[in-house]
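# Structural overview
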Amino acid sequence: MLSLRSNPGFEIASSACGLLAMTNKTKSLFSLAQKYIPSGVNSPVRAFKAVGGAPVFIRKGKSPFLWDESGKKYIDFCMSWGALIFGHSPAGLIQTLRREIEYGTSFGAATQKEVKLAREINSFFPSMEKIRLVSSGTEAVMSAIRLARGFTGRKKILKIDGGYHGHADSLLVKAGSGAATFGIPDSAGVPDELARLTLSIPFNDMNALEKVFKKEGRNLAAFILEPVPANMGVILPKAGYLEAARKLTKKYGALLIFDEVITGFRISRGGAQQSFGIQPDLTTLGKILGGGLPIAAFGGRSKIMDQLAPAGPVYQAGTLSGNPMAVTAALWMLQALKSRDFDSLSRHAVGLTAGLRKWIRENDLPLCVNAMGSMFTLFFTHGPVTDYASAKKSDTERYAKFFHAALKAGIYLAPSQFEANFISSAHTPAQLKSTLRIFQKILGRN
Ligand SMILES: *Cc1c(COP(=O)(O)O)cnc(C)c1O
């Protein structure tokens, strides 16, 4: 069995669920936060509810490191949920933003930089012939869904169980990420009438896919999925699944939307669509695009995108869309993605995930590592984890204990079993090696 309980260093953290380790400052911050902010946080998973204890309040980040308000230093594997592929506050980005802010914070009018950015995004994602910039992944997805409905004149959309696409009403049906973490994949406040228009099928299940298209294909505006789901933990597509999704959507006249908010610029420069060689009709991007500033994008075939207002009948807008600071950050990120050795990032990430797998195998631990490139999830189940149902078999209590033991040892992981962890180019091979050693110590031997 997993020797978590017999590890003496671990016992302290687990019994107190991190509370003992918390300084008075964090404690008082958290109670003040709860007074003015629901659950004390501005996004649910941050509250640490899934792993117990009080959340860490972050003061600053540099390279792979975070410092909390009490001065404790962590090596970060959450990386702002994958946004920070070059680590925290890269010097070049900070300098560029400093210079740019002198020109102003927002104009609500067209700028040259937006044109440049759209063109750059197109060079990374040729399937995005035209692009609109928005301020969050949620907004990108919400806009893409409205556009798909407007373009096809159809109402229903198809998603996968445990797929997370932000918190737009239509997508909070069998949703992953925080929604899955807290057991509210179907949110209160979403009218049944609307939720009924969202169909959901298990990922990687070819039969379910064919069946739903046979029955509902002509009513579907779109099939939206993360081509490599990362919001129920990382799950890899089975050979032929994405191809089948492409074929069936085409056959029935539904749009294929790849939500690449996480996978875009992550599993390859051109996202999953480049890695798997599949062209979706629409793509959504976020996270890495802005390097930590609020920007996201959606785009696709010109014929579809031209349905957007003012030329077309599908309304979509934003006061801060194409915000100059966020656009400046995105231009810097894309430049850095082009000029740096992208493949070395995946290569050194493999040192950690392969090392973890080896340890699990040698010690016959009931764990399983799913990884692609620089993102990974350690599932507390034998696996294999191939869909939401198998991900849900994870022992979330064990995950919580692992999380807190790691936190105590100065490793900041995603505070939920159903999330991905991210390695950045700022994590050195030596840091990854010492992280592996700490993981091994916490997990113990069988
Ligand atoms: C994070 C995420 C979103 C939502 O993006 P926000 O910026 O949090 O609104 C949408 N889709 C996927 C795949 C994501 O990982």
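Residues numbered from 1 in each chain as written. Predicted model: local features only at pLDDT ≥ 70, side-chain atom pairs only at ≥ 80, totals over all residues. Heavy atoms only, no water.

### Comments concerning the sheet that holds strand 4 (residues 130-134)
- In space, the 7 strands of this open sheet follow the order 4-10-9-8-7-5-6, with mixed pairing throughout. Single-partner strands in this sheet number two, and they are strand 4 and strand 6 (198-201). If you compare each strand with its neighbour and ignore which way they point, the axes differ by 20° on average.
- In the sheet, strand 4 pairs with strand 10 (residues 296-300) via 5 bridges, with the strands oriented antiparallel. Along strand 10, the bridge assignment pairs Ile-131 with Gly-299. (Pairing = 2+ DSSP bridges. Helix = DSSP H or I, 4+ residues; strand = E, 2+ residues; numbered from the N terminus. Axes fitted to C-alpha atoms, helices over the stretch in contact; angles between N-to-C directions.)

### Some details on the domain arrangement of the protein
- Here the domain parsing of the protein yields domain 1 (37-76 + 341-445) and domain 2 (93-339).
- Tallying the contact residues gives 27 residues for domain 1 and 29 residues for domain 2.
- When domain 1 packs against domain 2, close to 2,200 Å² is buried across both sides, 68% of that on carbon and sulfur atoms.
- There are 0 salt bridges connecting domain 1 and domain 2.
- In this assembly, domain 1 and domain 2 are joined by 5 residue pairs in polar contact (both at pLDDT 80 or more).
- Going through the elements one at a time, strand 11 (368-372), strand 12 (375-379) and helix 15 (388-391) are the ones with two or more residues in the side of domain 1 that touches domain 2.
- The dominant element in the side of domain 1 that touches domain 2, judged by the number of residues it contributes, is strand 12, at 4 residues.
- Here the residues of the side of domain 1 that touches domain 2 sort into 16 nonpolar, 6 polar and 5 charged. (Domains from an automatic or database assignment. Contact = heavy atoms within 4.5 Å. Buried area = accessible area lost by both parts, 1.4 Å probe. Salt bridge = Lys/Arg side-chain N within 4 Å of Asp/Glu carboxyl O. Polar contact = N/O pair within 3.5 Å; in protein donor to acceptor, adjacent residues only side chain to side chain. Nonpolar A, V, L, I, M, F, W, Y, C, P; charged D, E, K, R; others polar.)

### Focus: the environment of Leu-285
- Take Leu-285: it is sitting in strand 9 (residues 282-285).
- For the pair formed by Leu-285 and Phe-213, sequence separation is 72 residues and the distance between their alpha carbons is 26 Å.
- Other than its neighbours up to four places away in sequence, Leu-285 contacts Ile-121, Phe-125, Met-128, Ala-140, Glu-260, Val-261, Gly-264, Phe-265, Ala-296 and Ala-297.

### Quick notes on the side chain of Ser-127
- Inspection of the secondary structure assignment puts Ser-127 in the loop between helix 5 (112-124) and strand 4.
- The class of Ser-127 is buried, set by a relative accessible area of 5%.
- Contacts of Ser-127, omitting those with residues within four sequence positions, involve Gln-273, Gln-279, Pro-280, Thr-283, Gly-300 and Arg-301. (Buried < 20%, exposed > 50% of the residue type's maximum accessible area, 1.4 Å probe, protein only.)

### Description of a positive patch on the surface
- Together, Lys-214, Arg-218, Lys-247 and Lys-251 give the surface a local cluster of positive charge.
- Its location among the elements puts Lys-247 in helix 10 (residues 241-252).
- Assessed through its relative accessible area of 66%, Lys-247 is described here as exposed. (Patch = residues over 30% accessible without salt bridge, like charges linked within 9 Å, V, L, I, M, F, W, Y side chains within 5 Å. Areas by Shrake-Rupley, 256 points an atom, 1.4 Å probe, with all protein chains shown as cover. Lys, Arg positive; Asp, Glu negative; His and termini not counted. Charge placed at Lys NZ, Arg CZ, Asp CG, Glu CD.)

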